[in-house]
Amino acid sequence: MVQVQLPDGSVHEHPEGTTPYDIALKIGARLAQACIAASVDGQIADLRRPLPTGSLLKLKLITERDPEALGVMRHSAAHVMARAVMRVFPNVGLAFGPTLPNGFYYDFDMPDRIREEDFPRIEQEMAAIIAAGETFDRFELPREEAIGMCSDLNQALKVEHLKTGLADHPTLSFYRQGEFVDLCRGPHIPDASKIKAFKLMSVAASHFKGDTSGRSLQRLYGTAFFSQKDLDAYLAQVEEARRRDHRVLGKQHGLFHISNDVGQGLCLWLPKGAAVRGILEEFIKAELIRRGYQPVYTPQIGRVEMYETSGHFPYYRDAQFSPIFGHPAGSVVDRWITLLESGEMTPEKEKQFIEFSPMLEAKIENYPVGGTVAEKIESLRGWQSHHERYLLRPMNCPHHVQIYKSQQRSYRDLPVRLAEFGTVYRHEQSGELNGMLRVRGLTQDDAHLFCTPEQVENEFQQTLELVQFVLKSLGLDDYRVQLSLRDPKSNKYVGSEENWQRAEAALRKVLVEMQLPFEPREGEAAFYGPKADFMVRDCIGREWQLGTVQLDYNLPERFQLEYIGADNRAHRPVMIHRAPFGSMERFVGVLIEHFAAAFPLWLAPEQIRILPISEKVNDYAATVEQQLKAAGFRVTTDLRSAKINGKIRDAQIELIPYMLVVGAKEAEQGLVTVRDRLDADHQRTVPLAEAIAALTAEVKERRIRQTAKPGGSTLSGGEDAVANEY
RNA sequence: GCUAGCGUAGCUCAACGGCAGAGCUCCGGUUUUGUAAACCGGAGGUUGUGGGUUCGAAUCCCACCGCUAGCUCCA
């Protein structure tokens, strides 16, 4: 007997072997037809799989309208795609084919290369499979038989997965659709006709289970929807995102430039981009001072030993620029020590080092040729201690720690909040670089708070409030918080178990108290502490990781930080690292995309452009410009001999928020005609003073007028003023 | 770093084995303008770099540099 409870609370009994489809059919034929899958006790299951007997099951029928349906259908679409690829190409090995937030992919191990030119052929085959409307049939096999079948099918990666990842599964489920059989957990849609609209998106390389040492696979991306309309809306959104690409807009509007002559991933801020950044920096600086922070400046390099103490140097060695040596032999000695430490030093190599080093004027005195490895290293370290190694700093914290340590601290002084727009350098892998969003030199809006253990929660809360305030000021008020915790099974973290538990508990407590929704994510913490990251949704629904607040009990330990408590004894402070923007590069990059380069008045590099009708009113235009400048505006005057139409067009294309048109009429009476970039149909001719007052108010309020409503996941083409811009 | 695709004027692109071109930008001139492009002229290139194949290479081949997408990484 199968006992089910439907969402309306009603309980029904059915004979054994009843499927959710049978139940749907009893309710109504149209419902049964609309069903995609079923939710059984909260688990998504196949519509035609018999329900288990015994306890009462909570059953919910999933139709296209339920959010879970899309994922089920896309997973089936991935199978259809794989089936099509196997029809088009020979010897296709299957890896994994999961669902993504916006579609799905399937990884293939195959001799042929899939090119975009092949997409139509594959899509055609998929369309044929969908038109045939065959069912997805689940069956189970015991382990050995499953392995046998996969090897019969020449699916080596499936066999490997069965033997490794699924080693503890006694029985395995498969899905068959026509000639296509795939090891798969499911669930699937009942038959292929549920896939109403699909499209192949792109193809790129990937690796089996993410292992870069293994063979490269081809990953084919696609997406699918329940209607052509939804697919079209999605494609429009992709197009909109492409149109907002900060690399394109940054070039077009002269915001930033990356020159190969300077170097990969090194951002040059052009005057207009620098203006935006400068305004943001001023904005946040004023806010920090209001909140009791103290600005500091520290150098952009520091001794390697300091980063060895902090743990950054050993932990992130591959992602850092090589140390800078004060002596030409520095890197040779460094290599020498590395070989000794790793045990790779041979007598021949050692002889070469000893003979070579004098040519670099390195006098390694008393090198114990016949001594132990430890003695040799000690001797070389002795040389190093007289010849400093510097690191282009990858993090600001050690420098700020040194400021903290520069004087004795009393509990009365805490919290100490040190803030700096600190530029750091990281040797990111070349394939990671992406415009301003991923660079090798970046400036963090960084600060480090040193406080007593009792102050931690309060300070943490205040930093979260600061991040909230900053994001809100920029119209980025749709966000969620990720609480990144350590992976208890990994040993890559520094610090004691107790410290980690305290830190994680403190973060959790504050987030709960602030009623900030958060998702815990194990294994995502920094190596020195847990963190709360702000995932911010922009106006076209994309998510970006921006602000971050990190709690750290470990660096104070490593640097032996102290303060004198009320009990006249030394205590260890706690550190909080935080950056509301993250980095200026990344944040401005995101803002460019968020605003589509049409910055609100308070951020616009050029806020106002004065457009004289003819040269006859140039003098008046100059007066207007002077007064606007005196009122603090970033303003220019278009003195070209072009017609007013041309001047307006250029200002409009350059996304200048306001144009002030001045002609003989305005000059006579001290007026300006205000042309709002977003509302050219309602121009007003007003006294200059009135215009200045209105514009000043808009800046003061940091008014944001041009973005579409945040949170919209679909881009309604045309409704957003920004979207209409070009 | 890996796999694939791509590098032509400041920008966007054309020429795809046979004389490197257009529009915009820029410069000079004419024009003095009332709400999204006035007109005329000019300049701008060792086709990413270096090799090779060829009578001849932007075009074909190789290496390097860079960009893009994805993978891996992200203090």
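Please refer to the structure higher up on the page.
Residues numbered from 1 in each chain as written. Chains lettered and ligands numbered in written order. Predicted model: local features only at pLDDT ≥ 70, side-chain atom pairs only at ≥ 80, totals over all residues. Heavy atoms only, no water.

## So, the pattern of salt bridges
- For the coordinates displayed, the defined rule picks out 53 salt bridges.
- Notably, a salt bridge pairs Arg438 with Glu428, separated by 2.8 Å at the nearest N-O pair. Taken as a pair, Arg438 in the loop between β20 (416-425) and β21 (441-451) and Glu428 in the loop between β20 and β21 lie far apart in primary sequence, 10 residues in all.
- With relative accessibility at 33%, the residue Arg438 sits in the partly exposed group.
- The residue Glu543 makes a salt bridge to Arg537 at a minimum N-O spacing of 3.9 Å.
- Of the residues examined, Arg537 reaches a relative accessible area of 27% and is grouped as partly exposed.
- Connected via shared salt-bridge partners are Arg303, Glu305, Glu308, Arg317, Asp334, Glu388 and Arg389. (Salt bridge = Lys/Arg side-chain N within 4 Å of Asp/Glu carboxyl O. Helix = DSSP H or I, 4+ residues; strand = E, 2+ residues; numbered from the N terminus. Buried < 20%, exposed > 50% of the residue type's maximum accessible area, 1.4 Å probe, protein only.)

## A closer look at helix α14 (residues 373-386)
- The end-to-end C-alpha separation of α14 is 20 Å, in line with the 20 Å expected for 14 residues at 1.5 Å each.
- By the burial criterion, the buried members of α14 are Lys376, Ile377, Ser379, Leu380, Trp383 and Gln384. The buried side chains of α14 occupy one side of the element, clustering within an arc of 160 degrees when seen end-on. For α14, the exposed residues lying more than 90 degrees away from the buried face are Ala374, Glu378 and His386.
- Buried positions along α14 lie against α12 (330-342), α13 (347-356) and β19 (389-392). (Expected span 1.5 Å × (residues − 1). Arc of directions from axis to C-beta. Contact = heavy atoms within 4.5 Å.)

## Concerning the state of the cysteines
- Evaluation of the coordinates by the stated rule reveals zero disulfides.
- Sulfur of Cys35: no disulfide; nearest cysteine sulfur belongs to Cys184 and is 20 Å away.
- There is no disulfide at Cys451, and the cysteine sulfur nearest it, in Cys397, is 15 Å away.
- Judged by its relative accessible area of 0%, Cys451 is buried. (Disulfide = S-S within 2.5 Å.)

## Comments concerning the sheet that holds strand β18 (residues 324-325)
- Overall, antiparallel pairing links the three strands, which are arranged β17-β19-β18 in an open sheet. Edge positions in the open sheet fall to β17 (301-303) and β18, since each of these has one partner strand only.
- Note: β18 against β19, two bridges, orientation antiparallel. Note on β19: the bridge partner recorded for Ile324 is Tyr390. (Pairing = 2+ DSSP bridges.)

## Let's talk about the pairing of strand β29 (residues 608-612)
- Taken across its five residues, β29 has five buried, putting it largely inside the fold.
- Along β29, one buried face is formed by Ile608, Ile610 and Pro612 and the opposite face, lined by Arg609 and Leu611, is buried too.
- Of the strand pairs in this sheet, β29 and strand β30 (residues 635-637) are connected by three bridges, and their pairing is parallel. Paired with Arg609 across the bridge in β30 is Thr636.
- Regarding the hand of the β-α-β motif, the stretch spanning β29, helix α20 (residues 618-630) and β30 is right-handed.
- Relative to strand β31 (residues 658-662), β29 is paired through five bridges, and the arrangement is parallel. Within β31, the residue paired with Pro612 across the bridge is Val662. (Right-handed = clockwise from strand over helix to strand, strands pointing away.)

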